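So you can see what is in the structure, the chains are spelled out below.
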Amino acid sequence: PVPPNGFMQKEREVYAEVYNQNATVSASTERERREKSMGTKEICRSELRSAIRQLSDRCLYSASKWAAEQLVGIEQDPAKFTSSHTRFQRGSSSIRRRFRTNEITSTPMAGVSYVSTPVPEEDNEAVDSDFYLLAKSYFDCREYRRAAHVLRDQTGKKAVFLRCYALYLAGEKRKEEEMIELEGPLGKSDAVNRELVSLERELSTLRKNGMIDPFGLFLYGLVLKEKGSENLACTVLVESVNSYPWNWNAWSELQSLCTTIETLNSLNLNNHWMKDFFLASAYQELRMHNESLAKYEYLHGTFSFSNYIQAQIAKAQYSLREFEQVEVIFEELLRNDPYRVEDMDMYSNVLYAKECFSALSYLAHRVFLTDKYRPESCCIIGNYYSLKGQHEKSVMYFRRALKLNKNYLSAWTLLGHEYVEMKNTPAAVDAYRRAVDINPCDYRAWYGLGQAYEMMGMPFYALHYFRKSVFLQPSDSRLWIAMAQCYETEQLHILEEAIKCYKRAVNCNDREAIALHQLAKLHGELGRSEEAAFYYKKDLERMEAEEREGPNMVEALLFLATHCKAQKRFEEAEVYCTRLLDYTGPEKETAKSLLRGMRIAESGFPSMDVEHFPP
């Protein structure tokens, strides 16, 4: 350290000693922070390893897969692992560096195990264990009733859960078969899971007697939700996640019941790091995208290499229409996990919106070779054919996606879009309504319904659906523009409301640059020349900044030239007229006429104003 000038030798020694002490304290603090950080990660890692085994043993495979992905997403201690052990983790680090909004200097203490890891009570009887192994084998082979039959006399909590879960899935399988038999693969049907009544009765009794474990509570909550008892289902699922927080399936079912922020805030959840994953996902479904992003950035401190978190960040950015960032994240995800199909349909939507033919073609070919009968793969291929204008083929693939998963929301919405392109509005309306039935908070489906009714010349209905969509997604300029255009129709012709909508579109970053031009035109129609000139000027500045030419620029220049001439601002009007002389259409002659009129007016002869000349 170099002390300030003028220090004596003794003072220099004291200064150096203090500096060294501070440096030692800083190094010690940094070391403690890192040790604490690695300790937190070790706790999460230990909990997830235990959870993966327990979830897999109960055939909750999707929850087990989710937990395993988060386990690998935790950064390894470089002191213990070589680079070969972290090969899977290399990919997402560049995304983290590029898109971190707030650099987190320490590992978030999101849950650091405020809840101790409960080890579920296992069945110790050797005979019970043998029966359980047989039942699990049948379950894995999708022979659900055989699995339930094997465990009919077993009383352990683990065996009871697997038996009830097998019966639930057997009922779901039969319900799907009945629906196909009665209405076809995409038809509506009143078929129900016939096992729900008996399962509710049994699981309710077990809960009252205190003979149910967290996994049984999860299943009980799922049954209650299917039967429409949402309040009790919410209570039971909260009990489940508070007792055993590592079952992501339970959190997902609980999230589906949180349709408002009030419901979410009313939940009495224990503090655990899994709660942060739940809140981040719930915020996203409630369209609180910035809050969701903040939560995922927070979790990123511990789960630095989680592909799941990266995909969710991309999903939030997609909802905010930050397509450039979304594309970069998905490219990195594919480099890190080249056979990933999950969430790639969202990536295809981005490529479709950007009209990236080659990239979408490559993605469609890639998922086709990986797993062509996944619903996501079918949607990606459908998007590819839609971008090529082959709408019949596109419809075929979207319908195939729905045969594989009838509740696949994105496929219903995209199918509706294709029918709109094909001018088949009744089919489009049906597809959008099916999407709304699955998720009433899907603004795209409401927007699609508005478009369909607008095409049928029914603006009152269209306006109703556009209002629904804009309520759900008030930050999307396209929805405000659609509603404004509805107000402009001959049947409605409420121009003041249209102006309000266009103003909202401008405030929502109207990328298509429609709103400014329409605001200028509407103010012109209403005789408000000053307001019209203001918006024409703003629109002109934007077109110049984006280096765009076209009829909108000609219209803006003509209006501004005429307006400035009428206001006796001849120099400004001359600038606009001079620019119009570069065009070859009738606007060139109009500009010449305006220039002649201004020169006559400037000569000082009152009778020489251009308005006094015959056309």
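Keep in mind that what you see is a predicted model, and the values were worked out from it rather than measured.

Cut-off values and rules
- Residues numbered from 1 in each chain as written.
- Predicted model: local features only at pLDDT ≥ 70, side-chain atom pairs only at ≥ 80, totals over all residues.
- Heavy atoms only, no water.
- Disulfide = S-S within 2.5 Å.
- Buried < 20%, exposed > 50% of the residue type's maximum accessible area, 1.4 Å probe, protein only.
- Helix = DSSP H or I, 4+ residues; strand = E, 2+ residues; numbered from the N terminus.
- Expected span 1.5 Å × (residues − 1).
- Contact = heavy atoms within 4.5 Å.
- UniProt positions renumbered as here; feature names shortened; annotations may be inferred.
- Phe/Tyr/Trp six-rings, centres within 6.5 Å; stacked < 30°, edge-to-face > 60°.
- Lys NZ or Arg CZ within 6 Å of the ring centre and 35° of its normal.
- Axes fitted to C-alpha atoms, helices over the stretch in contact; angles between N-to-C directions.
- Parallel < 35°, antiparallel > 145°, perpendicular 65-115°, else oblique.
- Left-handed = near helix turned anticlockwise from the far one by under 90°.
- Nonpolar A, V, L, I, M, F, W, Y, C, P; charged D, E, K, R; others polar.
- pLDDT = per-residue confidence, 0-100.
- Salt bridge = Lys/Arg side-chain N within 4 Å of Asp/Glu carboxyl O.

**What to know about the state of the cysteines**
Then, number 1: Tallied over the full model, the rule gives zero disulfides.
Then, number 2: Unpaired in this structure, Cys 379 has its nearest cysteine sulfur neighbour in Cys 378, at a distance of 7.4 Å.
Then, number 3: Residue class for Cys 379 comes out buried when judged on its relative accessible area of 0%.
Then, number 4: With no disulfide of its own, Cys 577 lies closest to Cys 564 among cysteine sulfurs, the gap being 9.1 Å.
Then, number 5: Overall, the relative accessible area of 0% leaves Cys 577 in the buried class.

**Side note on helix H12 (residues 273-285)**
Then, number 1: Helix length check: H12 (13 residues) gives 19 Å between terminal C-alpha atoms against 18 Å at 1.5 Å per residue, within 8%.
Then, number 2: Residues of H12 that are buried include every one of Trp 273, Met 274, Lys 275, Asp 276, Phe 277, Phe 278, Leu 279, Ala 280, Ser 281, Ala 282, Tyr 283 and Gln 284, and no others.
Then, number 3: Looking one or two residues past H12, Arg 287 carries a phi angle of roughly 65°, positive in sign.

**Some remarks on the side chain of Asp 343**
Then, number 1: For Asp 343, the position within the fold is in the loop between helix H15 (323-336) and helix H16 (344-353).
Then, number 2: What makes Asp 343 buried here is its relative accessible area of 16%.
Then, number 3: If sequence neighbours within four positions are ignored, Asp 343 has contacts with Ala 311 and Phe 330.

**Thoughts on the UniProt feature "repeat: TPR" (unreviewed entry) in the protein chain**
Then, number 1: Sites flagged by UniProt as "repeat: TPR" (unreviewed entry) map to residues 375-408, 409-442 and 443-476.
Then, number 2: Secondary structure content for residues 409-442 is 79% helix and 0% strand, and the end C-alpha separation is 8 Å.
Then, number 3: Spanning residues 443-476, this segment combines 79% helix with 0% strand, and its end C-alpha atoms are found 10 Å apart.

**A word on the packing of aromatic side chains**
Each aromatic ring pair is characterised by the separation of its centres together with the angle its planes make.
Then, number 1: Tallied over the full model, the rule gives 26 aromatic pairs.
Then, number 2: Ring centres of Tyr 453 and Tyr 461 lie 5.5 Å apart, and the angle between their planes is 20°; on these two criteria the pair is classed as stacked.
Then, number 3: Among the residues examined, Tyr 453 registers a relative accessible area of 11% and is labelled buried.
Then, number 4: Relative accessible area serves as the criterion here: at 48%, Tyr 461 is assigned to the partly exposed category.
Then, number 5: Ring pairing ties together the aromatic residues Trp 66, Trp 248, Trp 273, Phe 277, Tyr 296, Phe 303 and Tyr 308, which thus form one cluster.
Then, number 6: Lying over the aromatic face of Tyr 132, Lys 158 brings its terminal NZ or CZ to 4.7 Å of the ring centre.
Then, number 7: Against the face of Trp 446 rests Lys 468, its NZ or CZ located 4.9 Å from the ring centre.

**So, helix H9 (residues 230-243)**
Then, number 1: Look at H9: 20 Å from first C-alpha to last across 14 residues, which is about the 20 Å you get at 1.5 Å a residue.
Then, number 2: Taken together, the buried positions of H9 are Ala 233, Cys 234, Val 236, Leu 237, Val 238, Ser 240, Val 241 and Asn 242.
Then, number 3: Check the buried side of H9 and you find it contacts helix H7 (196-208), helix H8 (214-227) and helix H10 (248-257).

**Here we look at the packing of helix H26 (residues 515-525) against helix H27 (residues 529-545)**
Working note: a packed helix pair is described by the angle between its axes plus the distance between those axes.
Then, number 1: With their axes 8 Å apart at the nearest point, H26 and H27 run at an angle of 160° to one another. The orientation of H26 with respect to H27, classified from their angle, is roughly antiparallel. In this structure, the crossing between H26 and H27 has a hand that is left-handed. Contact with H26, carried on its side by Leu 516, His 517, Leu 519, Ala 520, Lys 521, His 523 and Gly 524, involves Glu 531, Ala 532, Tyr 535, Tyr 536, Lys 538, Asp 539 and Arg 542 of H27 and no other residues of that element.
Then, number 2: The residue makeup of the contact of H26 with H27, split by class, is six nonpolar, three polar and five charged.

**Things to note about the environment of Cys 234**
Then, number 1: Assignment of secondary structure puts Cys 234 in helix H9.
Then, number 2: Take Cys 234: its relative accessible area is 11%, and that puts it in the buried class.
Then, number 3: Taking C-alpha positions, Cys 234 is 9.1 Å from Gln 255, a pair spaced 21 residues apart along the chain.

**Here's the deal with unusual backbone geometry**
Then, number 1: The phi dihedral of Arg 142 falls on the positive side, at around 65°, and the residue is not glycine.
Then, number 2: Within the element layout of this structure, Arg 142 appears in the loop between helix H4 (126-140) and helix H5 (144-150).
Then, number 3: A positive phi angle is found at His 493, which is not glycine, with a value near 50°.

**A short note on the confidence of the model for the protein chain**
Then, number 1: Across the protein chain, the average pLDDT comes to 84, with 82% of residues at or above 70.
Then, number 2: Counting interchain partners and residues more than four positions distant, the pLDDT-below-50 stretch residues 96-113 has 45 contacts.
Then, number 3: When the criterion is pLDDT under 50, residues 607-615 qualifies, and its contacts beyond four places in sequence or with other chains add up to 13 contacts.

**What to know about the pattern of salt bridges**
Then, number 1: Counting across every chain of the model gives 32 salt bridges.
Then, number 2: Here Glu 239 and Arg 207 are joined by a salt bridge, their closest N and O atoms 2.6 Å apart. One end of the pair, Glu 239, is in helix H9; the other, Arg 207, is in helix H7, with 32 residues separating them in the sequence.
Then, number 3: Taking relative accessible area as the criterion, Glu 239 reaches 28% and is therefore assigned partly exposed.
Then, number 4: The exposure class assigned to Arg 207 is partly exposed, which follows from its relative accessible area of 28%.
Then, number 5: In this structure, the salt-bridge partner of Arg 444 is Asp 442, at a minimum N-O distance of 3.9 Å.
Then, number 6: For Arg 444, a relative accessible area of 27% corresponds to the partly exposed category.
Then, number 7: On the basis of relative accessibility, which here comes to 7%, the residue Asp 442 falls in the buried class.
Then, number 8: Within the structure, one salt-bridge network assembled from shared partners comprises Arg 174, Glu 177, Glu 178 and Arg 194.

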